[in-house]
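Survey of secondary and tertiary structure
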Amino acid sequence: VSGSAGREEFLQRLLQRVERRGEGTEIQVDEALRRRSFEVLLTKKACEHRTEEDLAALAEIVRRAGDKAEAANAPEIGFTFHHALALASGNPYYPMVMQSFRPVYVFFYKTACAHSYTQRQFAEQLASILDAVRRQDPQAAEEIILRIIDNWVREFEKTEKFRRS
């Protein structure tokens, strides 16, 4: 997939497949395509509004992401991290919106952890987002998030699971 339009088309096809498989909740494709901009927005807000308590909660989630005993829980840990970022944003609506994206995040991390990431890479990605939030660096947070999503899209396209769908 090359360029933003190609990634959007790929995400639309992917999310339609998730929807057909019934991953727990119907996913509105137009809402799911906004994940990229929504995640960047809420993480930038978390950079501005995070508290020490938010940072401690995020750090605990990152610790769990790297814990070998938690490896099977990686998809839920990934979602929990992003939900905690929504809480740290200071916007009372972001956590509710993030909850509606839960099936997408769980699917993303389930696929990524099965095909693309080692547990260490998974934990390092979350830690890099946390570091940008801790430093209150919204530009770095945006770059990290977009790189993670774009890498996942490229890797997922290569999987046999996607080709057979």
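Overview of the structure. (Residues numbered from 1 in each chain as written. Predicted model: local features only at pLDDT ≥ 70, side-chain atom pairs only at ≥ 80, totals over all residues. Heavy atoms only, no water.)

Here we come to the environment of D54. Looking at the secondary structure, you find D54 in helix α4 (residues 52-66). D54 gets classed as buried once you look at its relative accessible area, which sits at 18%. The spatial distance from the C-alpha of D54 to the C-alpha of L87 is 7.9 Å, given a sequence separation of 33 residues. The contact partners of D54, leaving out residues within four places of it in the chain, are H49 and A88. A polar atom in the side chain of D54 sits 2.9 Å from the backbone nitrogen of T51. (Helix = DSSP H or I, 4+ residues; strand = E, 2+ residues; numbered from the N terminus. Buried < 20%, exposed > 50% of the residue type's maximum accessible area, 1.4 Å probe, protein only. Contact = heavy atoms within 4.5 Å. Polar contact = N/O pair within 3.5 Å; in protein donor to acceptor, adjacent residues only side chain to side chain.)

One non-glycine residue, Q136, lies in the positive phi region at around 55 degrees. With respect to the helices and strands, the residue Q136 is situated in the loop between α8 (119-134) and α9 (138-158). Judged by its relative accessible area of 41%, Q136 falls in the partly exposed class.

Here we come to the packing of α4 against helix α5 (residues 74-88). Orientation of α4 relative to α5, taken along the N-to-C sense of each, is 170 degrees, at an axis distance of 10 Å. Here α4 is positioned roughly antiparallel relative to α5, judged by the angle of their axes. Seen from α4, the contacting residues are D54, L58, I61, V62, R64 and A65; seen from α5, they are I77, T80, F81, A84, L85 and A88. The residue inventory of the contact of α4 with α5, partitioned by class, reads nine nonpolar, one polar and two charged. (Axes fitted to C-alpha atoms, helices over the stretch in contact; angles between N-to-C directions. Parallel < 35°, antiparallel > 145°, perpendicular 65-115°, else oblique. Nonpolar A, V, L, I, M, F, W, Y, C, P; charged D, E, K, R; others polar.)

Note on pairing: side chains with opposite charge can pair once their charged atoms come close. Evaluation of the coordinates by the stated rule reveals nine salt bridges. With its nearest N and O atoms 3.5 Å apart, the salt bridge here joins D67 to R63. With relative accessibility at 26%, the residue D67 sits in the partly exposed group. Here E70 makes a salt bridge to R64, at a shortest N to O gap of 3.1 Å. Judged by relative accessible area, R64 falls into the partly exposed class, the value being 23%. Connected through shared salt-bridge partners, E60, R63 and D67 make up one network. (Salt bridge = Lys/Arg side-chain N within 4 Å of Asp/Glu carboxyl O.)

What follows is about the packing of α5 against helix α7 (residues 102-115). Two measures define how a pair of helices packs: the angle their axes make with one another and the distance between the axes. At their nearest, the axes of α5 and α7 sit 8 Å apart, and the two run at 130 degrees to each other. Between α5 and α7, the crossing angle belongs to the class labelled oblique. Note on packing geometry: the crossing formed by α5 with α7 is right-handed. Contacts between α5 and α7 involve A74, P75, E76, G78, F79 and H82 on the former and, on the latter, R102, Y105, V106, Y109, K110 and C113. In terms of residue class, the contact of α5 with α7 is built from seven nonpolar, two polar and three charged. (Left-handed = near helix turned anticlockwise from the far one by under 90°.)

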